[in-house]
Amino acid sequence: MTTQDLTPPTDARPGDKTLGEPIVVIDGVQKYFGAHHVLKDVSLTVRRGEVVVICGRSGSGKSTLLRCVDQLETIDGGTIHAAGHLMGFREKNGKRIPLGDAQVARQQRDLGMVFQNFNLFPHISVIDNITLAPVRILKRNKAEARAEARTLLKRVGLPDKENAYPRQLSGGQQQRVAIARALAMQPKVMLFDEPTSALDPEMISEVLDVMVDLSRQGMTMIVVTHEMGFARAAADRVLLMHEGHIVEEAAPETFFNHPESEHTKLFLSKILAH
Amino acid sequence: MNWSWSYFFEYLTNGLMVEGAWTTIWLSVVSMVLGLGLGVIAAMMKMYGNRALRWIAEFYIWLFRGTPILIQLVIIYTGLPQLGIRLNVIESAILGLALNEGAYLAEIIRAGIMSVDKGQNDAARSVGMTWRERMWLVILPQATRTIIPPLGNQFNGMLKTTSLASVISMEELMRNAQMLAQIEFRVLEVYLVAALWYLLLVSIWSAIQVRIEAHYEKPFGPAAAVSPEAEKELAKAIEKAGPA
Ligand SMILES: Nc1ncnc2c1ncn2[C@@H]1O[C@H](COP(=O)(O)OP(=O)(O)OP(=O)(O)O)[C@@H](O)[C@H]1O
Ligand SMILES: [Mg+2]
């Protein structure tokens, strides 16, 4: 656990910002891997512009929840609405019919995902990583897409790296490119799965800074992280997942200083001990 | 001793040998390209197909890897007509070589696809790519890096394997050498020249292969540049640590 010195924004404190309509509604979601019940009736509503931080022990189901929202895993019960879609299904005469590959892909374009291991495309340059989907999937004009990619690279603080290959970048730089790649699809919601936990300590803040910046610009974000500095600076709510349930849900200060659940107290004592 | 330099030099530039070499080249290229197509299809069927498709792919691979190419060629050219399927020499040679090659390439391609990190598929899906788009834009280009070296070796083998098509009278290098040998009985001279031609073709291919491999390795080349100071430090540290 690194404590980042991220001062909360003075202009717009998280508590003051006006949140929009619900944009992610997770309702009674169940997920099994074989006989292993990983998500147990999980419900969560995230409003437009809101930043939700999820923490919890390893194996509690945090990644699985994000992956279900982005349809990287199929759910076994409940519903997920995100960015205006009923994720993974369409409704016909009150019945839910699973969507095909192409329709799922279409829904996924409206959500951006950032992975622990960056998962940049190693065979193409940084700028091609960012423009690949806009140009090849959305059929955007290539010159325009590249111009926008350059703007995004500036925004994540890497204006001079467009021709580098991912391998030539540090972890922190790669993760910032990954954020730019996701943003290039103009997603309505950004999902982050432990974006800094594969990074050397000195690179963590450069990624968190970009994320705080993004949150200030009104991006809706669900972030799995144990970075309390980020949670304090940017989160509207912090949740604790435990064995497939959300067991605590509170504003950052309450979550860290006056948690209700015994699980949260135990969890906090463990990460603070580091 | 009965060695004739004059025959040897005559064969070196003999029109029939040059033509044969040219046939060997295009026969290899065409068979390889078709074999690659078959290999990709078979690999896809085996990896992503339903039970029936998987079974078909496995049967194909098992059959063509389990029998000699010589028998495959002979069956296609002289056996199939009994079933009413008549293919000319060129068609038979290409079909036999491609089918045989595809069975080997299928396994190489499958291994290449499996070598691509699973996170790549997640990342491609997260930006909204369909299965086809993921395969075409993300997975196969990366699998190529793993596939290229063994693929190059397969093509090296293909250049020589085409000589077997001489048994169905495909007029490539080997067959033309045989014909010359039957005219003038300068067996050693003509086959040595044929061998030299194969050596030349394979050597040229090896040079091309090195370039292709370097091209596909480029994105994966040396990681982030290390400063000279850091490099020295590292060397010192390794020296101090002594042999592991
Ligand atoms: N593809 C899978 N197949 C089978 N089991 C899985 C799979 N993915 C996750 N699991 C299991 O589901 C449970 C929850 O995993 P998940 O990755 O969501 O946890 P997490 O909270 O993200 O943990 P971590 O902090 O280690 O990332 C774990 O027990 C894990 O072993
Ligand atoms: Mg996880």
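Refer to the structure printed above.
Conventions and cut-offs
Residues numbered from 1 in each chain as written. Chains lettered and ligands numbered in written order. Predicted model: local features only at pLDDT ≥ 70, side-chain atom pairs only at ≥ 80, totals over all residues. Heavy atoms only, no water. Helix = DSSP H or I, 4+ residues; strand = E, 2+ residues; numbered from the N terminus. Rg over C-alpha atoms; globule rule 2.2 N^0.38 Å. Buried < 20%, exposed > 50% of the residue type's maximum accessible area, 1.4 Å probe, protein only. Contact = heavy atoms within 4.5 Å. Pairing = 2+ DSSP bridges. Polar contact = N/O pair within 3.5 Å; in protein donor to acceptor, adjacent residues only side chain to side chain. Axes fitted to C-alpha atoms, helices over the stretch in contact; angles between N-to-C directions. Parallel < 35°, antiparallel > 145°, perpendicular 65-115°, else oblique. Left-handed = near helix turned anticlockwise from the far one by under 90°. Nonpolar A, V, L, I, M, F, W, Y, C, P; charged D, E, K, R; others polar. Salt bridge = Lys/Arg side-chain N within 4 Å of Asp/Glu carboxyl O. Near = heavy atom within 4 Å. Areas by Shrake-Rupley, 256 points an atom, 1.4 Å probe, with all protein chains shown as cover. Core = buried A, V, L, I, M, F, W, Y, C linked by side-chain atoms within 4.5 Å.

Describing the overall build of chain B
For chain B, the count of helices and strands is 10 helices and zero strands. In chain B, the succession of helices and strands from N to C terminus is α-α-α-α-α-α-α-α-α-α. For 244 residues, the compact-globule formula gives about 18 Å, and the C-alpha radius of gyration of chain B, at 24 Å, lies well above that figure. Judged by the C-alpha coordinates and their principal axes, chain B covers about 70 × 55 × 30 Å. Burial status across chain B gives 43% buried among its 244 residues. Sequence separation of 24 or more characterises 77% of the internal contacts of chain B that already satisfy a separation of 6 or more.

Focus on the sheet that holds strand β5 (residues 85-86) of chain A
Residue and element names in this part refer to chain A. Overall, antiparallel pairing links the four strands, which are arranged β2-β1-β4-β5 in an open sheet. Strands at the two margins of the open sheet, each flanked by one partner only, are β2 (36-47) and β5. In the sheet, strand β1 (residues 22-33) pairs with strand β4 (residues 77-82) via five bridges, with the strands oriented antiparallel. By the bridge assignment, Val24 is partnered in β4 with Ala82.

Thoughts on the side chain of Asp236 of chain A
Looking at where Asp236 of chain A falls in the secondary structure, it is placed in the loop between α7 (228-234) and β11 (237-242). For Asp236 of chain A, the side chain forms a polar contact with the main-chain nitrogen of Val51 of chain A, separated by 2.7 Å.

Some points on the packing of helix α2 (residues 15-48) of chain B against helix α8 (residues 173-184) of chain B
Residue and element names in this part refer to chain B. Following both chains from N to C, one finds α2 and α8 inclined at 160°, their axes separated by 7 Å at the closest point. By the angle between their axes, α2 is roughly antiparallel relative to α8. As for the relative orientation of α2 and α8, their crossing is right-handed in sense. Mapping the contact onto sequence places Leu16, Met17, Glu19, Gly20, Ala21 and Thr24 in α2 and Leu173, Asn176, Ala177, Met179 and Leu180 in α8. Taken together, the residues that form the contact of α2 with α8 break down as seven nonpolar, three polar and one charged.

Focus: the pattern of salt bridges
As enumerated under the stated definition, the model contains 17 salt bridges over all chains in all. A salt bridge links Arg67 of chain A to Asp122 of chain B; the nearest nitrogen and oxygen atoms lie 2.9 Å apart. With Arg67 of chain A in helix α1 (residues 62-69) and Asp122 of chain B in helix α6 (residues 118-126), the pair connects residues from two separate chains. One salt bridge connects Arg110 of chain B with Glu107 of chain B, and the closest N-O pair in it is separated by 3.7 Å.

Digging into the site of ligand 1
Residues and elements named next belong to chain A. Taken together, Phe33, His36, Val38, Arg57, Ser58, Gly59, Ser60, Gly61, Lys62, Ser63, Thr64 and Glu194 make up the full set of residues near ligand 1. Between an oxygen atom of ligand 1 and a side-chain N or O atom of Ser58, the distance comes to 2.6 Å. Its free accessible area being 630 Å², ligand 1 has 60% of it covered by the protein chains. If you list the elements that add at least two residues to the shell around ligand 1, you get β2 and α1. Grouping the amino acids of the shell around ligand 1 by side-chain chemistry returns two nonpolar, seven polar and three charged.

Brief notes about the nonpolar core
Residues Ile26 of chain A together with Met129 of chain B are the most contacted members of the largest nonpolar core, which totals 74 residues. A total of 12 residues in this core trace back to one element, the largest contributor, which is helix α7 (residues 131-161) of chain B. Val51, Val114, Ala164 and Met221 of chain A belong to the second-largest nonpolar core, a separate cluster that totals 51 residues.

From the geometry alone we can't say anything about function, so treat these as descriptive.
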